[in-house]
Amino acid sequence: MARRGITVEEVVNMMFDDEVPILDFSSESESDSDDDLIPQLVEEVLVPIPQDEVPPVNELGWQFANSDHRPCDFVFEASGSGVQPELPSTVTEYDCFKLLISDELVGHVVEETNTFAEELKQRSEAGKMERWVGTTVAEFFTFIATVLIMAVVRKKSLKEYWTTNCMYQTPFFKTLFSQDRFLLIMRALHFINNTTMNRLDPLAKIRPILSSLTLKFREVFVPFKNLCIDESLLLWKGRLAFRQYIPSKRHRFGIKFFILCDVLTGYVQDLVIYSGSTTDIVNIDGLGVSGSVVVNMLKPYLEKGHALFTDNWYSSPTLFLYLMKHRTGACGTVRAKRKGMPEFRKKMKKDEVEMKCAGPLLAVKWHDKRDVHVLSTISSASMADSGKVDFNTGEHKMKPSCVLDYNKNMGAVDRFDMRNSFVECTRKTMKWYKKIFFHLVDCAIHNAYIVHQQVTGQVIRPQAFRENLVRQLLEHHHTPRNAPTGGRPSLDTPLRLKARHFPSEVPQTAAQGNSTRRHCRVCLHSSRRPRQRKLTRFFCAPCDTALCAVPCFEEFHTLKNY
């Protein structure tokens, strides 16, 4: 008799037979890919979990979920969460900023900047660097304040902030820095000694700043229960070994950050820069790259009852079981082909849902506009009201609980990116590490804003917070500059031939008193008669131009080419 082939129905029945374990954990192969991620021994994953919370190992298998499904409910102690330093309710924006960017950190940047400036002075093409004078902590804080103002007052190039064109000049910048001094500091900006740095580290140029700030982020704030991990992309189109291409992101090309955020407040708890095989993560056997990123970033927060939300690049049954082992719940979208995922029906109509569980682990396929796969250890196997009403039927729209949980908690990193996009101080530069530095300053200001809001209870706009911070930085650190002398003459106002103008006396100065005079502009720049340096005590206030009463005042306001 010929052998009969086994049917698909019989395979399904065998897979869901209680006596047959479903997940095959016996594979000996190891893979670095994100799709082949299954632990070799299920006992290692489930040992710390109480036996009354998950099915025994020999009964673990994907089954159709019902109302009896029991998700993980780890106890989380929230009393220790929030801002850690004891701060008064009258704390200022400046105080919150200095919690993260301290005098010690700025002192390190100043020291390395001065050292690198001296190296530049020794080069044959030093140019204006030969006039370099060492910078100080106070001047560098003023430099940061100036960069923050530039984030609000946008211009095409740095030199335009010192333009003398009256149509779009901004005189305030001249009171902070001369153009040459600002550009010299920007050129010499450095963060590590080139002779002693680890050249095998691709992030060596920014390593001291990155390590210091991420440590401060963790010390100043302890997160609440819900956390989320997502990617962020800093625009960079220049040459860089670890530049990434992510088509779903706004910039597409750039430097990729893995960011861990507190969901309740949006505080950036930790960040890791992706640098290829040398990324600052310890690879964990069986979890692959994406799972190792999650575990490394969550390491200080495991065993505390947190709940993590991730997207489909990170989520896998293996990772979620590993987190269960360490008393951490998880929920996130997942790729249907992840190893260990159950099989679902291929064709589903709109709003149809199929749920399967393996102990506390719940896998859901829900067809909205397209198929959506969600994996969770903290959600119930139920449908819930989404708060929306169907336009055609008038009925309330129902969605799986895990989908609602994911939508509610997953957007913290994207909101951080959106908020920074309006006021970010990063600028186009030839040096990638300088752009990362200014991005880290943006992260620090964002976190300082969260700390200020948590301590004072005041809800102000992020831009208003930055404006207050700039004022306080200048009050604490800026030394007023002497009035600039010489330089390029300002261009004529375009209204000099149209508006109404009347002569006024030049305001007296403390040095000249009643004898205060200024050079007549027409006499100095005339194209109709020989030029001469002639002093006058009259000027036009709207044009801010010194002019002889006769005939220069009339010629300046009536002739296009005087």
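Residues numbered from 1 in each chain as written. Predicted model: local features only at pLDDT ≥ 70, side-chain atom pairs only at ≥ 80, totals over all residues. Heavy atoms only, no water.

- Looking at an unreviewed UniProt entry, the protein carries the name PiggyBac transposable element-derived protein domain-containing protein, with the source organism given as Coilia grayii.

## Here we look at the overall build of the protein
Logical step 1: Across its full length, the protein holds 15 helices and 19 strands.
Logical step 2: Counting all 562 residues of the protein, 48% fall into the buried class.
Logical step 3: Long-range contacts, defined here as pairs at least 24 residues apart, represent 64% of the contacts in the protein between residues at least 6 apart.
Logical step 4: For the protein, the computed accessible surface area is about 29,700 Å², with 52% contributed by carbon and sulfur atoms. (Helix = DSSP H or I, 4+ residues; strand = E, 2+ residues; numbered from the N terminus. Buried < 20%, exposed > 50% of the residue type's maximum accessible area, 1.4 Å probe, protein only. Contact = heavy atoms within 4.5 Å. Areas by Shrake-Rupley, 256 points an atom, 1.4 Å probe, with all protein chains shown as cover.)

## Thoughts on the side chain of Asp442
Logical step 1: Mapping Asp442 onto the fold places it in helix H12 (residues 432–456).
Logical step 2: Those residues in contact with Asp442, other than ones at most four positions away along the chain, are Asn420, Val423, Glu424, Cys425, Thr426 and Arg466.

## Structural notes on the pairing of strand S8 (residues 307–310)
Within a regular beta strand, the side chains point alternately toward one face of the sheet and then the other, so they alternate between its two faces.
Logical step 1: Neither face of S8 is exposed, since Ala307 and Phe309 on one face and Leu308 and Thr310 on the opposite face are all buried.
Logical step 2: Examined bridge by bridge, strand S4 (residues 226–235) and S8 share 3 bridges and lie parallel to one another. When the sheet's bridge partners are listed, Cys228 is paired in S8 with Phe309. (Pairing = 2+ DSSP bridges.)

## A short note on the UniProt feature "transmembrane region" (unreviewed entry) in the protein
Logical step 1: UniProt records the feature "transmembrane region" (unreviewed entry) at residues 132–153, using the numbering of this structure.
Logical step 2: As annotated, residues 132–153 has a helix share of 73% and a strand share of 0%, and its two end C-alpha atoms lie 27 Å apart. (UniProt positions renumbered as here; feature names shortened; annotations may be inferred.)

## Some thoughts on the packing of aromatic side chains
The geometry of two aromatic rings is summed up by the distance between their centres and the angle between their planes.
Logical step 1: Under the defined criterion, the tally for this structure stands at 21 aromatic pairs.
Logical step 2: Ring centres of Phe258 and Tyr314 lie 6.4 Å apart, and the angle between their planes is 75°; on these two criteria the pair is classed as edge-to-face. Within this pair, whereas Phe258 is found in strand S6 (residues 253–262), its partner Tyr314 is found in the loop between S8 and helix H9 (317–325), the two being separated by 56 residues in sequence. Comparing Phe258 with Tyr314 shows no difference in burial state: the two are buried.
Logical step 3: Above the face of the Trp132 ring, Arg181 is positioned so that its terminal group lies 4.7 Å from the ring centre. (Phe/Tyr/Trp six-rings, centres within 6.5 Å; stacked < 30°, edge-to-face > 60°. Lys NZ or Arg CZ within 6 Å of the ring centre and 35° of its normal.)

## What about the pairing of strand S12 (residues 371–376)?
Logical step 1: Relative to S12, strand S9 (residues 329–333) is paired through 3 bridges, and the arrangement is antiparallel. Bridging across to S12, Cys331 finds its partner in Ser376.
Logical step 2: Taken together, the 6 bridges between strand S11 (residues 361–367) and S12 define a ladder with antiparallel strand orientation. Following the sheet pairing, His367 is matched in S12 by Asp371.
Logical step 3: Turn length for the S11-S12 hairpin, with the two strands adjacent in sequence and antiparallel, is 3 residues.

## Some points on the sheet that holds strand S18 (residues 538–540)
Logical step 1: The 3 strands lie next to each other as S15-S18-S19, forming an open sheet whose pairing is antiparallel. Each edge of the open sheet is held by one strand with a lone partner, namely strand S15 (503–505) and strand S19 (545–546).
Logical step 2: The pairing of S18 with S19 spans 2 bridges and is classified as antiparallel. The residue of S19 that forms the bridge with Phe539 is Ala546.

## Overview of the pattern of salt bridges
Logical step 1: For the structure shown, the criterion picks out 17 salt bridges.
Logical step 2: The shortest N-O distance in the salt bridge between Asp180 and Lys128 comes to 3.1 Å. One end of the pair, Asp180, is in helix H6 (residues 179–188); the other, Lys128, is in the loop between helix H4 (103–121) and helix H5 (137–152), and 52 residues separate them in sequence.
Logical step 3: Among the residues examined, Asp180 registers a relative accessible area of 26% and is labelled partly exposed. (Salt bridge = Lys/Arg side-chain N within 4 Å of Asp/Glu carboxyl O.)

## Points about helix H11 (residues 412–423)
Logical step 1: Helix length check: H11, at 12 residues, gives a terminal C-alpha distance of 18 Å against a target of 16 Å (1.5 Å per residue), a fit within 8%.
Logical step 2: Within H11, the full set of buried residues consists of Ala412, Val413, Phe416, Asn420 and Val423. Projected down its long axis, H11 carries its buried residues within an arc of 95°, all on one side.
Logical step 3: In this structure, the buried residues of H11 make contact with H5, S4, S6, strand S7 (268–273), H12 and helix H13 (462–477). (Expected span 1.5 Å × (residues − 1). Arc of directions from axis to C-beta.)

## A look at unusual backbone geometry
Logical step 1: With omega at -5°, the peptide bond leading from Val550 into Pro551 counts as cis.
Logical step 2: Residue position: Pro551 is located in the loop between S19 and helix H15 (552–558).
Logical step 3: The phi angle at Glu303 is positive, at roughly 65°, despite the residue not being glycine.
Logical step 4: Positionally, Glu303 belongs in the loop between helix H8 (288–298) and S8.
Logical step 5: Phi angles above zero are rare outside glycine, and Asp544 is one such case at about 50°.

## Focus: the state of the cysteines
Logical step 1: By the definition in use, this model includes 0 disulfides.
Logical step 2: Take Cys331: it sits in no disulfide, and the sulfur closest to it among the cysteines is that of Cys402, at 5.8 Å. (Disulfide = S-S within 2.5 Å.)

## What to know about the side chain of Thr328
Logical step 1: By secondary structure assignment, the location of Thr328 is in the loop between H9 and S9.
Logical step 2: Judged by its relative accessible area of 1%, Thr328 falls in the buried class.
Logical step 3: From its side chain, Thr328 meets the backbone oxygen of His326 in a polar contact 3.1 Å long.
Logical step 4: Beyond its immediate chain neighbours, meaning those up to four positions away, Thr328 contacts Phe74, Tyr301, Leu302, Glu303, His306 and Leu323. (Polar contact = N/O pair within 3.5 Å; in protein donor to acceptor, adjacent residues only side chain to side chain.)

## Details of the packing of H5 against H13
Logical step 1: Packing of H5 against H13 leaves a shortest axis separation of 9 Å and a crossing angle of 155°. When the axis of H5 is compared with that of H13, the two are roughly antiparallel. Every pair of crossing elements has a handedness; the one defined by H5 and H13 is left-handed. Contacts between H5 and H13 involve Ala138, Phe141, Thr142, Ala145, Leu148, Ile149 and Val152 from the former and Gln463, Arg466, Leu469, Val470, Leu473, Leu474 and His477 from the latter.
Logical step 2: A per-class count over the contact of H5 with H13 returns 10 nonpolar, 3 polar and 1 charged. (Axes fitted to C-alpha atoms, helices over the stretch in contact; angles between N-to-C directions. Parallel < 35°, antiparallel > 145°, perpendicular 65-115°, else oblique. Left-handed = near helix turned anticlockwise from the far one by under 90°. Nonpolar A, V, L, I, M, F, W, Y, C, P; charged D, E, K, R; others polar.)

## Focus: the environment of Arg496
Logical step 1: Summarising the element assignment, Arg496 is placed in the loop between H13 and S15.
Logical step 2: The class for Arg496 is buried, based on a relative accessible area of 7%.
Logical step 3: Here the alpha-carbon distance between Arg496 and Leu559, two residues 63 residues apart in the chain, equals 9.5 Å.
Logical step 4: Those residues in contact with Arg496 that lie beyond four places of it in its chain are His501, Cys543, Phe556, His557, Leu559, Lys560 and Tyr562.

## Details of the confidence of the model for the protein
For any part of a model where pLDDT is low, the fine detail of the predicted coordinates should not be relied upon.
Logical step 1: Across the protein, the average pLDDT comes to 84, with 87% of residues at or above 70.
Logical step 2: At the low end of the mean pLDDT range in the protein sits helix H2 (residues 42–46), at 33; at the high end sits helix H7 (residues 207–220), at 95.
Logical step 3: Confidence drops under pLDDT 50 across residues 1–60; counting only partners more than four residues distant or on other chains, this segment forms 85 contacts. (pLDDT = per-residue confidence, 0-100.)

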